[in-house]
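# Examining the three-dimensional arrangement
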Amino acid sequence: MNPYLFAVLVVTTTALMGSSFAVGKIGLNYVSPLLLVGLRFTIAGILMALIIWRKPLPKKVLDWLRIFTVGFFQTAGVMGCIFLSLRTISAGESSILTFSNPLLVVILSTVFLGIRYQLFHWIGVIVGLTGVFITLGSHLHLEVGILLGLGASLSWSIGTLLIKKWGARFNIWVLTAYQMLFGGLLLLLMSFTLETPTITIAPTSIFIILWLAIMASIVQFAIWFYLINIGDPGKTSAFLFLAPFFGVLSGWILLKEVVEWYVYAGSLFIFLGIFLVNWTFSKDKNIVQKLDV
């Protein structure tokens with residue numbers, strides 16, 4: 001691919017990932033957290049399922065249960081934690097904590113999948129986790145929003161491992177569409193059982209819901225999977241460190257959030273850690289050296 005086009009697409013998809021935190025926080029002024037994210041992914045899942053309706057669907061009930069499980073962690077768990085965290089911490093902090101997930105993937109895949117990583121990967125984990133610690137700054141008492149941000153990272157990591165384990169069984173677009181749909185429906189159920197759902201119908205709230213469903217979900221996923229498919233997944237995944245940057249930037253622009261010095265310092269450590277974990281330095285195919293997150 002033309003390097004300039006590649007750069008434009010990388011910036012577009014990571015900007016959509018990161019800015020969704022600030023846009024979502026604005027949406028909380030009109031819609032309760034779980035209802036907002038439930039509407040986002042239910043609408044996105046339905047639209048995407050209609051777009052790919054000719055793709056082959058799973059024939060076994062067990063495979064549908066696998067997709068449901070992926071949706072539980074990858075969409076319901078991640079997005080539920082993110083949008084609940086936005087009630088008490090900034091969009092920038094939430095994005096930084098959430099996108100630390102590649103560091104947890106290394107740890108979990110070593111423990112549960114027996115994958116062996118090289119020394120520089122573990123150096124990346126240590127550097128990244130140090131960054132998370134620094135980012136917490138004055139929040140070392142681990143308030144609810146911080147715990148939810150870390151919960152989003154953990155849930156994303158589990159979802160990543162499940163996709164690694166089961167992804168080859170499905171058409172990737174079918175898996176993406178239906179895990180979003182199942183996750184969205186779960187979030188709507190959680191909204192009506194765990195919160196008092198509220199929504200203010202206004203042009204702004206409708207725009208935010210549609211933006212999150214179409215641009216920040218369908219378009220963002222389409223560009224990201226396209227980049228993964230045409231290039232080296234490990235090298236492409238290294239650019240995920242741009243997403244929390246855009247999360248902090250959009251929080252500053254859209255919400256006038258004040259970013260403390262320790263957030264900048266911690267984010268630099270996290271970006272470096274994720275870069276070390278994701279970047280492929282060797283072509284040795286006998287050792288797993290990249291994370292497709």
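Residues numbered from 1 in each chain as written. Predicted model: local features only at pLDDT ≥ 70, side-chain atom pairs only at ≥ 80, totals over all residues. Heavy atoms only, no water.

## A word on the overall build of the protein
Stated precisely, the cut-off is as follows: Segments assigned H or I by DSSP are reported as helices when at least four residues long, segments assigned E as strands when at least two residues long, and all are numbered from the N terminus. Think of it in three bands: with a 1.4 Å probe and only protein chains considered, a residue is buried below 20% of the maximum accessible area for its type, exposed above 50%, and partly exposed in between. Throughout, a residue-residue contact means that at least one pair of heavy atoms, one from each residue, lies within 4.5 Å. Accessible surface area values rest on a Shrake-Rupley calculation with a 1.4 Å probe, where residue burial reflects the displayed protein chains alone.
Within the protein one finds 12 helices and zero strands. Along the chain direction, N to C, the helices and strands of the protein fall in the order α-α-α-α-α-α-α-α-α-α-α-α. Relative to its full complement of 293 residues, the protein shows a buried share of 54%. For the protein, contacts bridging at least 24 residues in sequence account for 88% of all contacts bridging at least 6. Taken as a whole, the protein presents about 13,500 Å² of accessible surface, with 73% of it coming from carbon and sulfur.

## Observations concerning the nonpolar core
For the record, the criterion: Residue types Ala, Val, Leu, Ile, Met, Phe, Trp, Tyr and Cys, when buried and joined through side-chain atoms within 4.5 Å, form a set referred to as a nonpolar core.
Of all hydrophobic cores here, the largest spans 54 residues; its most connected members are Met79, Ile82, Phe83, Tyr178 and Leu212. Every element with two or more residues in this core is listed here: helix H1 (3-27), helix H2 (33-51), helix H3 (61-85), helix H7 (144-166), helix H8 (172-194) and helix H9 (203-230). Counting 17 residues, the second largest nonpolar core, distinct from the first, contains Leu103, Tyr117, Val125 and Val132.

## Section: the packing of H3 against H7
The line we're drawing: Simply put, an axis is a line fit to the C-alpha atoms, just over the touching stretch for a helix, and the angle between two N-to-C directions goes from 0 to 180 degrees. Roughly parallel means an angle under 35 degrees; roughly antiparallel means over 145; roughly perpendicular covers 65 to 115; every other angle is labelled oblique. Rotating anticlockwise by less than a right angle from the far helix to the near helix defines a left-handed crossing, while the corresponding clockwise rotation defines a right-handed one. Any residue outside Ala, Val, Leu, Ile, Met, Phe, Trp, Tyr, Cys, Pro, Asp, Glu, Lys and Arg is labelled polar, Gly included; the first ten of those are nonpolar and the last four are charged.
Orientation of H3 relative to H7, taken along the N-to-C sense of each, is 160°, at an axis distance of 8 Å. By the angle class used here, H3 and H7 are roughly antiparallel. H7 is crossed by H3, and the crossing has left-handed handedness. A per-class count over the contact of H3 with H7 returns 13 nonpolar, 10 polar and one charged.

## Structural notes on the side chain of Thr176
Here Thr176 is to be found in helix H8. With residues up to four places along the chain from it excluded, the contact list for Thr176 reads Met48, Phe221 and Phe225.

## A few points about the pattern of salt bridges
Here is the rule: Just to be clear on terms, a salt bridge is a Lys or Arg side-chain nitrogen sitting within 4 Å of an Asp or Glu carboxyl oxygen.
Taken as a whole, this structure holds two salt bridges when the rule is applied. Here Arg66 ties to Asp63 by a salt bridge, and the two come within 2.7 Å at their closest N and O atoms. Here the residue Arg66 and the residue Asp63 both occupy positions in helix H3, the gap between them amounting to three residues, near one helical turn. According to the relative accessible area criterion, Arg66 is buried, its value standing at 15%. Here Asp63 and Arg169 are joined by a salt bridge, their closest N and O atoms 3.0 Å apart. Placement of the pair is Asp63 in helix H3 and Arg169 in the loop between H7 and H8, with a sequence separation of 106 residues. Taking the relative accessible area as the measure of exposure, Asp63 reaches 10% and is therefore buried. A relative accessible area of 45% means that Arg169 is categorised as partly exposed. Salt bridges here are not isolated pairs; linked through shared partners, they connect Asp63, Arg66 and Arg169.

## Considerations on the packing of aromatic side chains
Rule in force here: Stacked, edge-to-face and tilted are the three classes for Phe, Tyr and Trp ring pairs, Trp counted by its six-membered ring, which pair at centre distances within 6.5 Å; planes under 30 degrees apart are stacked, over 60 edge-to-face, the rest tilted.
Scanning the entire structure with this criterion turns up 11 aromatic pairs. Ring centres of Phe245 and Phe246 lie 5.3 Å apart, and the angle between their planes is 65°; on these two criteria the pair is classed as edge-to-face. Relative accessible area serves as the criterion here: at 16%, Phe246 is assigned to the buried category. Each member of the aromatic cluster is reached from another via a ring pair, and the members are Trp64, Phe68, Tyr178 and Phe182.

## Regarding the environment of Gly145
Within the secondary structure, Gly145 sits in helix H7. On a C-alpha basis, the gap between Gly145 and Leu84 in space is 7.3 Å, while along the polypeptide they are 61 residues apart.

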